[in-house]
Amino acid sequence: MRSRWSSLVTATPLFAIVLIGPLLASAVPVVDFTLAEAQSIASSGEFLVLRRNDDHMHMHHGAPLTELNETAITQWHDPTPPSYWSIDIEDRDPSVSRYPGLMVLHVVFMTLAFFVALPVGISMRAVKHSWHGFVVVAFYSLCALGCASSALYTKLTPDMYEGSTHASHGYLVLILSLCLSAIDITRFFVRLYAFLKSRNKFVFKPFWRNVVLGRNEVHDVTPKYIGLDVEEPPEFEVTEMKPPGLAETREPLHVRWNQPIAPIQTQDLDDTVDDETAPWVNDPRSSQGVHRYTRSSPSERTMFRVDSPQDSRHSDDTLHDFKFPGLIEQQAPLIRRIAQGAFATVERALVFAAFGMTLSGIVIYTGGCRESYINGCLAHLIKGGIFWCYGLVTFARFLGSFSELGWAWNISPTGGHISAEFVESFVIFLYGITNTWMERFGVHSGDPYTTKQVQHISIAVMFWFAGLVGMGIESKRIRGWLAASAAAALDPVDASRIWEPPSYRGSFNPFPALVIGVTGAAMSAHAQTYLFQVQIHKLWGWLLLGFSVLRCFTYFFVWLGPPRSILPSRPPTEALGSFFLACGGLMFLFSTEEVTIAAMRKGRDDMMMFLNVAVAITCFAFCWTFCVVAMKGWLKSRSSRRYPFPAP
């Protein structure tokens, strides 16, 4: 229970996206043709195009069109007005001064601030690096330059998008970052006050490490332990934590499958006598041996905690509770852990907020998502953006992010965390239970359900209940209930012989993958007016389905060989699946009605072009993700030699 709060807070941005995102789209009444109007259009020789819902046009009869029907489009949408893009680039008037260079500067400065300086600052804060303050200053300097260039551009350019909220939302993001910095400054002065109060004279080194870096290190050590400062001894000599003889066994998999893991050799450090420390206390080299640990793996304990030393623990723990006390530091109070988790979550959410502002800025500059296009545009941007971010987070998990929570296909080194599959199932459940009712927003009472409303509501109901089942599977208490029939067949005295199988060390929950796969398969068959729209929907539907299949392959291979190490296992199927998911989300963004119609008007309705652009952007984003995760790991390895790896 001690780490669940921090795990839940870590997933807060996903919950916020699911709850707030759909509310951004305000529905408009459905427009229906009367019979006389339909007959009039049919007799005029025009293609009969009817609206099934408020955000798309669809063919009511016949095959999808291969050429634009401008007459039908103007019946549902007003002509596209001029935009910043049109007056700056596309239809620029040479006699009028325009300043697109200022907009380029705004994009460059904000990109460097939120996608370079901010991730670097977050990584440096995690390791309490001495340069963190300089990176924060660089972040705000870049933001100031970006805001200045944007303000100057707005001053020199007429307003081409009435009612735009991009600037106000951007300032809200900056205010949120300033609030986090204010908390940092407050904590600095609190540390400074405590430092000055506890000392009679100023000493620079303790001041720098305790006040500036906030490491809270104690330097007033007794002479008995001075020798320990010569070199930090490594606590581990191996890169994996596993029971003795595990790697040396030559028995086939089907023989070892149901064998309980042998207990890890332990030595209780609390039982050591002070006299035993005398020979090595001033010789750090003698402390570099292999340490042994006091806990066993979950598979050592019985499912129902009959003879377990942890009988007092709540049985509703989720998976990944494999603990290594050598890695566990003294726990802070619950309120402090929640506050720290909330701070870290909001700080990381700024990166996702910056992505949302990037989409908003593109829409405003190009003049999209206006009038009758707004509902479909928001639906595609919000949902496609969620899949895109989900794909990047999944790739970060493959690289090793969240391995301390056991989310990198590894055994959690500390335990007590909820599983990644539980978070995925909870987000799916939350999305479904909210969108089930939102599909009827803006519809008059008594209006019949349209075909598209039935399609989307049924998908939302699938999200609702599949997410609920997925959360139930992740509960150890419910898992115990499901195994009660087998356990009841034994006498109580034989209950100690019930061992958890090795597969209990991992989470094999197919419901998140099932939901995304079914959604992709359904959307690949989504009816559209034009053939190009059908093709692009089919493409991103197949990409989501590909992620689902690859995630199932991950479960298959991990089920055959459950994780036995605290290090990330990096299943290759997750790398491919995350790419399909992110690329599918980007194609989802590209499939908005306004974008596809504009592409057809300009002769750019080429599936290969759209796919190649999406793949290129996804590869670039994956390279960025890799650099961020690798830099954070490099900083941690440089700041602490606590867990060194052996030389190759």
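Worth saying up front: this structure is predicted, and the values here are computed from it rather than measured.

Our focus in this paragraph is the state of the cysteines. Counting across every chain of the model gives one disulfide. Between the sulfur of Cys369 and that of Cys377 lies a disulfide, 1.5 Å long from S to S. Exposure class is identical for Cys369 and Cys377. Each is buried.

Here we take up the packing of aromatic side chains. Tallied over the full model, the rule gives 24 aromatic pairs. Ring centres of Trp540 and Phe588 lie 4.0 Å apart, and the angle between their planes is 10°; on these two criteria the pair is classed as stacked. With Trp540 in helix H18 (residues 531–560) and Phe588 in helix H19 (residues 572–590), this residue pair connects regions lying 48 residues apart in the sequence. Residue Trp540 shares its accessibility class with Phe588, and that shared class is buried. With centroids separated by 5.3 Å and ring planes inclined at 70°, the aromatic side chains of Phe556 and Phe557 adopt a geometry described as edge-to-face. Connected via pairs of aromatic rings, a cluster forms that spans Tyr84, Trp85, Tyr153 and Tyr365.

Applying the stated criterion across every chain yields a total of eight salt bridges. With a shortest N-O distance of 2.6 Å, Glu90 and Lys602 are connected by a salt bridge. Residue Glu90 is located in helix H5 (residues 84–90), and its partner Lys602 is located in the loop between helix H20 (593–601) and helix H21 (607–639); the two are separated by 512 residues in the primary sequence. Residue classification places Lys602 among the exposed residues on the basis of a relative accessible area of 55%. Arg397 is the salt-bridge partner of Glu424, the closest N and O atoms lying 3.3 Å from each other. Pair noted here: Glu424 is in helix H13 (residues 420–438) and Arg397 is in helix H12 (residues 374–399), with a separation of 27 residues, a long-range link. Exposure remark for Arg397: the relative accessible area of 5% places this residue in the buried category. A cluster of three or more residues bridged by salt bridges with shared partners is formed by Arg125, Asp184, Glu347 and Arg348.

Confidence in the prediction for the protein averages 75 pLDDT; 69% of positions are at 70 or higher. The lowest-confidence element of the protein is helix H3 (residues 35–43), averaging 37 in pLDDT; the highest-confidence one is H19, averaging 96. Considering only residues more than four positions removed or in separate chains, one finds that residues 260–329, a stretch of pLDDT under 50, has 162 contacts.

The subject of this paragraph is helix H6 (residues 100–127). It helps to recall that an α-helix has 3.6 residues per turn; residues three or four apart then point in one direction. Helix length check: H6 (28 residues) gives 40 Å between terminal C-alpha atoms against 40 Å at 1.5 Å per residue, within 8%. When the local axis directions of H6 are compared, the greatest deviation, roughly 30°, occurs at Ala117, which is followed within four positions by the proline Pro119. Looking one or two residues beyond H6, the residue adopting positive phi is Lys128, at roughly 55°.

What follows concerns the packing of H12 against H19. One can describe the packing of H12 onto H19 by two numbers: an axis separation of 7 Å at closest approach and a directional angle of 160°. Classified by the interaxial angle, the pair formed by H12 and H19 is roughly antiparallel. Like other packed secondary-structure pairs, H12 and H19 cross with a definite hand, here left-handed. Here the contact of H12 with H19 is built from residues that sort into 14 nonpolar, seven polar and two charged.

Locating Ser412 in the fold gives a position in the loop between H12 and H13. For Ser412, a relative accessible area of 0% corresponds to the buried category. For the pair Ser412 and Pro563, spaced 151 residues apart in sequence, the C-alpha to C-alpha distance is 9.9 Å. Among the polar contacts made by the side chain of Ser412, one reaches the main-chain carbonyl oxygen of Glu404 at a distance of 3.3 Å.

Reading the values: rules and limits
- Residues numbered from 1 in each chain as written.
- Predicted model: local features only at pLDDT ≥ 70, side-chain atom pairs only at ≥ 80, totals over all residues.
- Heavy atoms only, no water.
- Disulfide = S-S within 2.5 Å.
- Buried < 20%, exposed > 50% of the residue type's maximum accessible area, 1.4 Å probe, protein only.
- Phe/Tyr/Trp six-rings, centres within 6.5 Å; stacked < 30°, edge-to-face > 60°.
- Helix = DSSP H or I, 4+ residues; strand = E, 2+ residues; numbered from the N terminus.
- Salt bridge = Lys/Arg side-chain N within 4 Å of Asp/Glu carboxyl O.
- pLDDT = per-residue confidence, 0-100.
- Contact = heavy atoms within 4.5 Å.
- Expected span 1.5 Å × (residues − 1).
- Bend = angle between axes of the 7 residues up to and from the residue.
- Axes fitted to C-alpha atoms, helices over the stretch in contact; angles between N-to-C directions.
- Parallel < 35°, antiparallel > 145°, perpendicular 65-115°, else oblique.
- Left-handed = near helix turned anticlockwise from the far one by under 90°.
- Nonpolar A, V, L, I, M, F, W, Y, C, P; charged D, E, K, R; others polar.
- Polar contact = N/O pair within 3.5 Å; in protein donor to acceptor, adjacent residues only side chain to side chain.

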